[in-house]
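# Coordinate inspection notes
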Amino acid sequence: VHQCKRPAGRKPRAGAAAERTAYTGGIALTQVRRKKSIEAGILLDTMLSAVDERIVIVDQDGYIEALSTSYAEFLEVDPGLVVGRHVKEVIENTRMDTVAKSGIPEVGVAQVIKGEKMIASRIPIFKNGEVIGAFGRVLLRNMKDLQDLSKKMDTMIMELNLYKKAFEQVSTAR
């Protein structure tokens, strides 16, 4: 387990006593000593390490709580070392901190990171009606992915139209 420390000058959130940060291979996540929180953290870690997704989770002030391995590799950062840093220090052109403050989701928006255009979604996380952070995910890693998806959809539509035409011919022949 990779341990990392909160950056100098960054104070723990209220109620987050006795935090420690661990990196276990899937995502880096902050674990509070309470058993339930640790179990939830392990579950989250397992779920996110099972997929190759670019995901980031920030607290209400925009400080990174979790970063997927895939996103860390793309950003060329150590996920264990970015936990506790402000998201704007790690991800260029991000609005994760804005969503974490406003509580207004941003779904399917274009974002340029490291010169690559991608489509991202940023969703606020609520607890008892209060925004406590935000979850961000890159939906399409680059515009080529979008073009590939569009070509697949065009092919599926053409096939569907062929099947419809064949069905109509069979139906009218009876």
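Cut-offs and rules
Residues numbered from 1 in each chain as written. Predicted model: local features only at pLDDT ≥ 70, side-chain atom pairs only at ≥ 80, totals over all residues. Heavy atoms only, no water. Helix = DSSP H or I, 4+ residues; strand = E, 2+ residues; numbered from the N terminus. Contact = heavy atoms within 4.5 Å. pLDDT = per-residue confidence, 0-100. Buried < 20%, exposed > 50% of the residue type's maximum accessible area, 1.4 Å probe, protein only. Phe/Tyr/Trp six-rings, centres within 6.5 Å; stacked < 30°, edge-to-face > 60°. Lys NZ or Arg CZ within 6 Å of the ring centre and 35° of its normal. Core = buried A, V, L, I, M, F, W, Y, C linked by side-chain atoms within 4.5 Å. Salt bridge = Lys/Arg side-chain N within 4 Å of Asp/Glu carboxyl O.

### Comments concerning the environment of A120
Mapped onto the fold, A120 is located in strand 7 (residues 116-127). Expressed as a C-alpha distance, the spacing of A120 and V109, which sit 11 residues apart in the sequence, is 5.4 Å. Apart from residues no more than four positions distant in its own chain, A120 is found in contact with E106, V107, G108, V109, Q111, R137, V138 and L139.

### Re the confidence of the model for the chain
Residue-level pLDDT values for the chain average 76, and 72% of them are 70 or greater. The low-confidence segment residues 1-8 (pLDDT under 50) makes 20 contacts with residues lying over four places distant or belonging to another chain. Here residues 11-35 is modelled with pLDDT under 50, and outside its nearest four sequence neighbours on either side it reaches 68 contacts, counting other chains as well.

### Topic: unusual backbone geometry
One can expect most non-glycine residues to show negative phi and most peptide bonds to be in trans. In this structure, N93 is a non-glycine residue whose phi angle is positive, near 60°. Its identity as a non-glycine residue notwithstanding, N128 has a phi of 50°, on the positive side. Tracing the sequence through the fold places N128 in the loop between strand 7 and strand 8 (130-140). On the accessibility criterion, N128 (75% relative accessible area) is exposed.

### Side note on the packing of aromatic side chains
Tallied over the full model, the rule gives 0 aromatic pairs. The side chain of R54 reaches across the aromatic face of F74, ending 3.8 Å from its centre. For K114, the ring lying beneath its charged end belongs to F74, and the centroid distance is 5.6 Å.

### Things to note about the nonpolar core
Counting 19 residues, the largest nonpolar core has V56, V58, I64, L67, Y71, L75 and I91 as the members making the most contacts within it. At 4 residues, the largest contribution of residues to this core is made by helix 2 (residues 69-75). Once residues within four sequence positions are removed from consideration, I91 is found in contact with V56, Y71, L75, Q111 and I113.

### What to know about the pattern of salt bridges
Applying the stated rule across the entire model yields 7 salt bridges. D61 serves as the salt-bridge partner of K101, at 3.2 Å between the closest nitrogen and oxygen. Of this pair, K101 sits in helix 5 (residues 96-102) while D61 sits in the loop between strand 4 (55-59) and strand 5 (64-68); the two residues are 40 residues apart in sequence, bridging distant segments of the chain. A residue is classified by how much of its surface remains accessible, and K101, at 55% relative accessible area, is exposed. The exposure class assigned to D61 is partly exposed, which follows from its relative accessible area of 32%. For R95, the salt bridge is made with E106, and the minimal N-O distance between the two is 2.6 Å. Of the two residues, R95 sits in the loop between helix 4 (87-90) and helix 5 while E106 sits in strand 6 (residues 106-113), which places them 11 residues apart along the sequence.

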